[in-house]
Amino acid sequence: MESTKSEPHRVLELFSGIGGMRMALEQAGKEFEIVSAIDVNPIANEVYKHNFGAKTVRNGNILSLTVEKVTKLKVDTILMSPPCQPFTRNGKFNDINDRRSDPFLHICELLDKMPLVKFILMENVKGFENSQACEMYKARLREAGFHYQQYILSPHQFGVPNTRHRYYCIAKRNGADFKWKSEEIITTPQAGYGAKQTLVGTIVDTQQDALESDGLKSATLLKHLPLMDVCTPESTNSMCFTKAYTHYAEGTGSVYCPLSRQEFDKTYALAMGAEEDEDRKLALLRELRVRYFTPKEVARLMSFPEHFSFPETVTNKQRYRVLGNSINVFVVSVLLHEL
């Protein structure tokens, strides 16, 4: 049952980061009040405050959250994106034995003591569905009187030009039905929930293409460009952006070339043919004007609203890191139609 305007959802935003869940609520058109947003990352919290004010967000350890505190806040909705590192190769798949899982496991232990909570949305990395933490979470949900629906979805399935497969779990109190349900993990969007296919060229700032300072360094062009995913204006997809974007050249996100794909391929082929003349090869590669996406452009690829911005005190490296830890706002806004 939808809340009326006089009854906004009272939302607890855990692992709140830079406010992606809050922006997803806005995109979904829901009436809500964030009663508290909690994260341990001070940079992320500064970005949150910059965009939404300091009233609700706080630097806090979720391990200190008690049933009494949640009850006092009269929370009926929990949105959370716990740390994904315990469930990744870089985190050695340490799962529940990784101390970074402790705050999430703490929430699991509180679930059966929070009767006012009616709706929970949790996001994590693809692969979480095979973890011990996931099995524990689902068991605690069932014990607390919830049923749930699981999803693995990526924004490119909705017309957004970015691949970011993520695991989602929506839990509702027993008796509350799902609009979009399956016995299995849902991996394809339901008809009518997609957006019109967007091209990468529509989200870039064309004036950035003229700034040589944003271009790839010579060593990167020569050594890493063959291994990088290069987007052009007509591209319909880009790679998942991680918090190591620009720090590591490979596997952390796409780069951008303002030329057409045909022009790129032609010039790139000439460069590769000039293997024995490194100066000519480098000159041809520079003609491609390949550059990193700016933090603002990455935010757009992650479906952040245009009004979202960063404080001037936050460096580009910090911006990429907090974006890499965030969510795709559009995908979550689609799932919040279940609220």
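Because the structure is predicted, anything quoted here is derived from the model rather than measured.

### Here we look at the overall build of the protein
1) Next: Secondary structure assignment for the protein yields 11 helices and 10 strands.
2) Next: Taking 20 Å as the expected radius of gyration for a compact globule of 339 residues, we find that the protein reaches 22 Å, a close match to that expectation.
3) Next: A principal-axis box enclosing the C-alpha atoms of the protein has dimensions of 70 × 40 × 40 Å.
4) Next: For the protein, buried positions account for 53% of its 339 residues.
5) Next: When contacts within the protein are restricted to residue pairs at least 6 apart in sequence, those whose partners lie at least 24 apart make up 73%.
6) Next: For the protein, the centre of its 42 positive side-chain charges and the centre of its 41 negative side-chain charges are spaced 5 Å apart.

### Structural notes on the environment of Leu73
1) Next: Note that Leu73 resides in helix H3 (residues 67-73).
2) Next: Judged by relative accessible area, which is 25%, Leu73 ranks as partly exposed.
3) Next: Once the C-alpha coordinates of Leu73 and Ser36 are considered, the two residues, 37 residues apart in sequence, prove to be 8.2 Å apart.
4) Next: Not counting residues up to four positions away in its chain, the partners in contact with Leu73 are Arg10, Val35 and Ser36.

### Things to note about the pattern of salt bridges
1) Next: Summed over all chains, the structure comprises 12 salt bridges.
2) Next: In this structure, Lys113 engages Asp112 in a salt bridge whose closest nitrogen and oxygen atoms are separated by 3.2 Å.
3) Next: You can call Lys113 partly exposed: its relative accessible area is 42%.
4) Next: Between Arg300 and Glu306 there is a salt bridge, and its shortest N-O distance comes to 2.7 Å.
5) Next: Bridged by salt links that share partners, the residues Glu109, Arg140 and Glu143 form one connected network.

### Examining the domain arrangement of the protein
1) Next: For the protein, the assigned domains are domain 1 (9-194 + 327-338) and domain 2 (206-293).
2) Next: The C-alpha-based centres of domain 1 and domain 2 are spaced at 35 Å.
3) Next: On the side of domain 2, 7 residues touch domain 1, which itself brings 7 residues to the contact.
4) Next: Between domain 1 and domain 2 the total buried area reaches about 530 Å² when both faces are included, carbon and sulfur atoms providing 32% of it.
5) Next: By the criterion of area lost to domain 2, the three top residues of domain 1 are Pro161, Asn162 and Thr163, representing 63% of everything that side buries.
6) Next: Our enumeration of links across domain 1 and domain 2 arrives at 0 salt bridges.
7) Next: Partitioning the side of domain 1 that touches domain 2 into residue classes produces 1 nonpolar, 4 polar and 2 charged.

### A word on empty space enclosed by the protein
By rolling a water-sized probe across the atoms, one finds the places where empty space is left.
1) Next: A complete count under the given rule lists 1 cavity of 30 Å³ or more for this structure.
2) Next: Counted as a void, the largest cavity has a volume near 30 Å³.
3) Next: Lining the largest cavity, in full, are Lys179, Trp180, Gln190, Tyr193, Val334, Leu335, His337 and Glu338.
4) Next: In the lining of the largest cavity, the residues fall into 4 nonpolar, 2 polar and 2 charged.

### Here we look at the environment of Phe52
1) Next: Considering the arrangement of structural elements, one finds Phe52 in helix H2 (residues 42-52).
2) Next: A residue is classified by how much of its surface remains accessible, and Phe52, at 17% relative accessible area, is buried.
3) Next: Taking the C-alpha atoms as reference points, Phe52 and Met23, 29 residues apart in sequence, are found 10.0 Å from one another.

### Digging into the packing of helix H4 (residues 102-110) against helix H5 (residues 132-143)
1) Next: Where H4 contacts H5, the axes come no closer than 9 Å and their chain directions differ by 20 degrees. With respect to each other, H4 and H5 are oriented roughly parallel. Relative to H5, the crossing made by H4 is left-handed. Across the interface between the two elements, Phe104, Leu105, Cys108 and Glu109 of H4 pack against Ala133, Met136, Tyr137 and Arg140 of H5.
2) Next: Per-class residue counts for the contact of H4 with H5 are 6 nonpolar, no polar and 2 charged.

About the criteria used
- Residues numbered from 1 in each chain as written.
- Predicted model: local features only at pLDDT ≥ 70, side-chain atom pairs only at ≥ 80, totals over all residues.
- Heavy atoms only, no water.
- Helix = DSSP H or I, 4+ residues; strand = E, 2+ residues; numbered from the N terminus.
- Rg over C-alpha atoms; globule rule 2.2 N^0.38 Å.
- Buried < 20%, exposed > 50% of the residue type's maximum accessible area, 1.4 Å probe, protein only.
- Contact = heavy atoms within 4.5 Å.
- Lys, Arg positive; Asp, Glu negative; His and termini not counted.
- Charge placed at Lys NZ, Arg CZ, Asp CG, Glu CD.
- Salt bridge = Lys/Arg side-chain N within 4 Å of Asp/Glu carboxyl O.
- Domains from an automatic or database assignment.
- Buried area = accessible area lost by both parts, 1.4 Å probe.
- Nonpolar A, V, L, I, M, F, W, Y, C, P; charged D, E, K, R; others polar.
- 1 Å grid on protein atoms, 1.4 Å probe; cavity = no way out; pocket = protein on both sides within 12 Å on 5 of 7 lines; lining within 4 Å.
- Points joined across faces, edges and corners; volume = space filled by probe spheres on them.
- Axes fitted to C-alpha atoms, helices over the stretch in contact; angles between N-to-C directions.
- Parallel < 35°, antiparallel > 145°, perpendicular 65-115°, else oblique.
- Left-handed = near helix turned anticlockwise from the far one by under 90°.

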